[in-house]
Amino acid sequence: MSTPIEQIKAKLDIVELIQSHLKLEKAGSNFKGRCPFHQEKTPSFFVSPARQMWHCFGCQKGGDHFQFIQELENVEFADALRILAERTGIELKKEDPQARSERNRFYNLLEEAVLFYESNLARRTDVRDYLRERGLKDEVVKQFRIGYAEPKWEALLEHLISKGFKNDEVEKTGLVIKKESGESRYYDRFRARVMFPLSDSSGRVVGFTGRIFAKDGENQKDADAKYINTPQTPFYDKSKLLYGFDRAKSEIRRKNYAVLVEGQMDVCMSHQAGVTNAVAVSGTALTGSHLVSLRRLADQLRFSFDMDRAGLLAARKGIDLAIREGFDVKAVILPDGEDPADVIKREPEEWKRAVSSARPFIEFYLDIIRSKIKDEREFRNKVIKHVLPYVADLASDVERAHWIKEMAGRLLLSEEPLWNDLNRIISARKNSKKEDRPDPGADNSKTRKDLIEERILGLLVSTGKDNLPSIADCRGDWFSPARRAMFNIIGAGSAIDDHYIKKLALASELAYADAENIDLEMKQLLKNLKKEFLREKLEETSLKIRQAEREGSNDALIVSLDEFKRFSEELNREQ
Ligand SMILES: [Zn+2]
């Protein structure tokens, strides 16, 4: 009996799977498309039906069915397995029943809590009226599963116990708090609050945000906290979760941008208004993990924040991070003092317009500074200090040139001093941090010999050794140790089930698609490999010669000189 993984792969062709998520076109016996995981104009994302694998030669991501879903949906392997099992109708056996049942009980418990809060809301006309007053339609309240926590100390706890859950299980979800005083009793964390369930990227509820409902909340001891959140739990990490992400992700991918708003209400209202690529952080600032999830789906972020308050200051850190992550960042401009929810309540179309006419962040920031500072000199200093660093963050020279020109115009300066300042910032950064991340596309660590070896292995797998008579002359020790064993296994006619090998085969297939005589190509590769091998040997031997001279060891010297002569004669024959 084959495993569920094998069954899924047998039932669902990888081309069909990937094609259901992005556009592919035929390229010989393979398929190609624009990579969903990095920005590119010409396709370097390939799918091989023969090998049932995909690989992007731009960002070097690749793998099988499961890795594709993991990357695309931003989920762990277990979730990718579940998603594909559902799609193919393959039944999964229980693996690790202990962990699985614990996790399932956790999700079931939270689901029970959502239903409980929803049923409370159904009874409370006044709370529903309040939500309507804020502008939320009933169907959106239902969609986002908004509920209500009554101003009672043990209402939820009692309900969950009656459903068969234990005190410590409920405590683990963060829904109750353990009393500090002696006897071991618990009370509900959320009381007199409108409850917004927080879902993970596949839509399962993992926590809550509760907003105080003033009418009930007066006598609650935490009433001064307008919003409270579920604390960190094994299944809820606020530094990773984005509110609304599960509902927004496909639209974020389609539009190639996400709209970042400040609160749950903004997200719900935005979706109600038809801008369904809106998400929000909850209970934390924007983190690198949030940005990683978004980066997989989009190249651009549009921030909407309140310019009046500390809003801009709070958003700055997130914006800095996003720009450094390579996002194209834009600002959604709203009337002073209004948040998205206000605007949408008044006029949904105005929100749509504001989002679609978002402006480049640097331009927006220049305007803000200009509107606050009248003195020219001070303006100039502020811009150089605060805006120029953003220009330095931009990856594209064309973009940089554009903004230098724009700034020079606004500051009534020539471009030259700005370029000087910009270059100073850039070189200061280079000196201060050496761990500059390498371009994922360009692997500079590979030598010419590495590349030749990879081509040979790839060609060997994609063409088969029966079609490559010249391979008979190839010696395993010509390869570097990393690939020697691979050559021996493949050369002996065995298959290696490994993404690295499959990727090499795909690359060779693409590179030699038009080759007329494939064995001739192989012959040339082998000749080059042998030359590289001999050059390496010559280098090694000359080191040995120098060492023997230093140590005065005559015997070693004679042996090494002899070796050197042999290798260089051999190399001369190959030239
Ligand atoms: Zn890619």
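Owing to the predicted nature of the structure, the values given are computational and were not obtained by experimental measurement.

Peer 1: Looking at this structure, I do not really get the coordination of the zinc ion. What am I missing?
Peer 2: Ideal coordination angles are 109.5 degrees for a metal with four donors arranged tetrahedrally and 90 or 180 degrees for a metal with six donors arranged octahedrally. Donor atoms from the polypeptide that coordinate the zinc ion comprise Cys35 (SG), His38 (ND1), Cys56 (SG) and Cys59 (SG), at 2.1 to 2.3 Å from the metal. Of note, the donors binding the zinc ion are all from one chain and are spaced C-x2-H-x17-C-x2-C. The exposure class of Cys35 is buried, given its relative accessible area of 7%. Take His38: its relative accessible area is 23%, and that puts it in the partly exposed class.

Peer 1: Can you walk me through helix H22 (residues 448–463) in this structure?
Peer 2: The end-to-end C-alpha separation of H22 is 22 Å, in line with the 22 Å expected for 16 residues at 1.5 Å each. Close packing links the buried residues of H22 with helix H23 (481–491), helix H24 (499–511) and helix H25 (518–551). Positive phi shows up at Gly464, right after H22, with a value of about 90°.

Peer 1: What's the story with the packing of helix H1 (residues 4–11) against helix H4 (residues 77–88) in this structure? I'm lost.
Peer 2: The geometry of a pair of packed helices is captured by two quantities: the angle between their axes and the separation between those axes. Closest axis-to-axis distance for the H1/H4 pair is 10 Å, and the angle between their directions is 50°. Between H1 and H4, the angle falls in the class oblique. Seen along the crossing, H1 lies across H4 with a hand that is left-handed. For the pair formed by H1 and H4, the contact residues are Ile5, Ile8 and Lys11 on the first element and Phe77, Leu81, Leu84, Ala85 and Thr88 on the second. Split by residue class, the contact of H1 with H4 holds 6 nonpolar, 1 polar and 1 charged.

Peer 1: So what exactly am I meant to see when it comes to the pattern of salt bridges here?
Peer 2: A pair can form between side chains of opposite charge whenever their charged atoms are brought close. Tallied over the entire structure, the rule returns 47 salt bridges. Of the charged contacts, one joins Lys215 and Asp126 as a salt bridge, the two residues approaching to 2.6 Å between their closest N and O atoms. Of the two residues, Lys215 is situated in helix H10 (residues 214–217) and Asp126 in helix H6 (residues 125–133); the sequence distance between them amounts to 89 residues. Here Lys215 falls in the exposed class, since its relative accessible area comes to 56%.

Peer 1: How do you make sense of the environment of Glu551 when you look at a structure like this?
Peer 2: On the secondary structure map, Glu551 appears in helix H25. Sequence-wise, Glu551 and Glu180 are 371 residues apart; in three dimensions their C-alpha atoms are separated by 76 Å.

Peer 1: Mind showing me how you'd approach the sheet that holds strand S6 (residues 147–149) here?
Peer 2: The pairing of strands in a sheet happens through backbone hydrogen bonds and is either parallel or antiparallel. Here 4 strands make up an open sheet; going across it, the order is S6-S9-S10-S11 and the pairing antiparallel. Both outer strands of the open sheet, S6 and strand S11 (227–229), are each paired with one neighbouring strand and no more. Strand after strand, the sheet turns through a mean of 35° between neighbouring axes, direction not considered. Bridge count between strand S9 (residues 193–199) and strand S10 (residues 205–212): 7 bridges; the pairing is antiparallel. Note on S10: the bridge partner recorded for Phe196 is Thr209. Contacting S9, S10 and S11, helix H12 (residues 264–272) crosses the sheet at an angle of about 70° to S9.

Peer 1: Would you take a moment to explain the nonpolar core for this structure?
Peer 2: Generally speaking, a soluble globular protein has its nonpolar side chains buried in company with each other. Core analysis: the biggest nonpolar cluster contains 62 residues, and Tyr117, Leu136, Ile146, Leu175, Phe208 and Trp351 have the highest contact counts within it. In terms of residue count, the dominant contributor to this core is helix H5 (residues 97–123) (9 residues). Within the second largest apolar cluster, 48 residues are counted, among which are Val279, Leu291, Leu312 and Ala315.

Peer 1: Looking at this structure, how should I read the sheet that holds strand S13 (residues 257–261)?
Peer 2: Strands sit in the order S12-S14-S13-S15-S16-S17 across an open sheet of 6 strands; the sheet is mixed. At either margin of the open sheet sits one strand with a lone partner, and together these are strand S12 (242–243) and strand S17 (359–360). Sheet topology places strand S16 (residues 328–332) next to S17; 2 bridges connect them, and they run antiparallel. Residue pairing for S17: Lys330 is matched across the bridge by Pro360.

Peer 1: Mind showing me how you'd approach the packing of H22 against H25 here?
Peer 2: Contact geometry of H22 with H25 gives a least axis separation of 10 Å together with a crossing angle of 150°. The way H22 lies across H25 gives a crossing that is left-handed. For the pair H22 and H25, contact is made by Arg448, Lys449, Ile452, Glu453, Arg455, Ile456, Leu459, Leu460 and Thr463 and by Ile518, Met522, Leu525, Leu526, Asn528, Leu529, Glu532, Phe533 and Glu536, respectively. In the contact of H22 with H25, the residues fall into 10 nonpolar, 2 polar and 6 charged.

Peer 1: Teacher, can you tell me more about the packing of aromatic side chains here?
Peer 2: Here the distance between the centres and the angle between the planes together describe a pair of aromatic rings. Applying the stated criterion to the full structure yields 24 aromatic pairs. Ring geometry for Phe37 against Phe45: centres 6.4 Å apart, planes inclined by 65°, an arrangement best described as edge-to-face. For the pair shown, Phe37 and Phe45 are each scored as buried. Here a set of aromatic residues connected by ring pairs shows up, and it is made of Phe37, Phe45, Trp54 and Phe68. Across the ring face of Phe31, the terminal group of Lys26 is positioned such that the distance to the ring centre comes to 4.8 Å. Stacked on the ring of Phe327, the Lys or Arg Arg295 has its end atom at 4.9 Å from the ring centre.

Peer 1: I'm lost on the pairing of S10 in this one. Help?
Peer 2: Within a regular strand, the side chains alternate between the two sheet faces. Counting buried residues in S10 gives 8 out of 8 residues, a clear majority hidden from the surface. Joining the antiparallel neighbours S9 and S10 is a turn of 5 residues, in which Gly203 adopts a positive phi near 90°.

Peer 1: Got a minute to help me understand the environment of Leu131 in this structure?
Peer 2: Counting through the fold element by element, Leu131 comes out in helix H6. Spatially, the C-alpha atom of Leu131 lies 9.0 Å from that of Val194, the residues being 63 residues apart in sequence. Leave out the neighbours within four places in its chain, and Leu131 touches Leu121, Leu136, Val141, Ile146 and Val194.

Peer 1: How do you make sense of unusual backbone geometry when you look at a structure like this?
Peer 2: Generally, phi is negative for residues other than glycine and the peptide bonds are trans, each holding for most cases. In this structure, Gln52 is a non-glycine residue whose phi angle is positive, near 50°. Tracing the backbone shows Gln52 in the loop between strand S3 (45–48) and strand S4 (53–56). Notably, Asn256 is not glycine yet its phi reads approximately 65°, a positive angle. Structurally, Asn256 is set in the loop between helix H11 (245–255) and S13.

Peer 1: Could you clarify how one ought to interpret H24 in this entry?
Peer 2: Since the α-helix turns once every 3.6 residues, residues separated by three or four places project in the same direction. The terminal C-alpha atoms of H24 lie 18 Å apart, and with 13 residues this matches the ideal 18 Å at 1.5 Å per residue to within 8%. Taken together, the buried positions of H24 are occupied by Ile501, Lys502, Lys503, Leu504, Ala505, Leu506, Ala507 and Ser508. On its buried face, H24 sits against strand S2 (30–33), S3, S4, H22 and H23. Sitting at the head of H24, Asp498 places a side-chain oxygen 3.0 Å from the backbone nitrogen of Tyr500.

Peer 1: For this particular structure, what's the right way to read the side chain of Glu338?
Peer 2: With respect to the helices and strands, Glu338 occurs in the loop between S16 and helix H15 (340–346). Given a relative accessible area of 18%, Glu338 falls into the buried group. Looking at Glu338, its side chain comes within polar contact range of the side chain of Arg346, at 2.4 Å. Beyond its immediate chain neighbours, meaning those up to four positions away, Glu338 contacts Val343 and Arg346.

Rules used in this analysis
Residues numbered from 1 in each chain as written. Predicted model: local features only at pLDDT ≥ 70, side-chain atom pairs only at ≥ 80, totals over all residues. Heavy atoms only, no water. Donors = N, O, S within 2.8 Å, 3.2 Å for Na, K, Ca; no water. Buried < 20%, exposed > 50% of the residue type's maximum accessible area, 1.4 Å probe, protein only. Helix = DSSP H or I, 4+ residues; strand = E, 2+ residues; numbered from the N terminus. Expected span 1.5 Å × (residues − 1). Contact = heavy atoms within 4.5 Å. Axes fitted to C-alpha atoms, helices over the stretch in contact; angles between N-to-C directions. Parallel < 35°, antiparallel > 145°, perpendicular 65-115°, else oblique. Left-handed = near helix turned anticlockwise from the far one by under 90°. Nonpolar A, V, L, I, M, F, W, Y, C, P; charged D, E, K, R; others polar. Salt bridge = Lys/Arg side-chain N within 4 Å of Asp/Glu carboxyl O. Pairing = 2+ DSSP bridges. Core = buried A, V, L, I, M, F, W, Y, C linked by side-chain atoms within 4.5 Å. Phe/Tyr/Trp six-rings, centres within 6.5 Å; stacked < 30°, edge-to-face > 60°. Lys NZ or Arg CZ within 6 Å of the ring centre and 35° of its normal. Polar contact = N/O pair within 3.5 Å; in protein donor to acceptor, adjacent residues only side chain to side chain.

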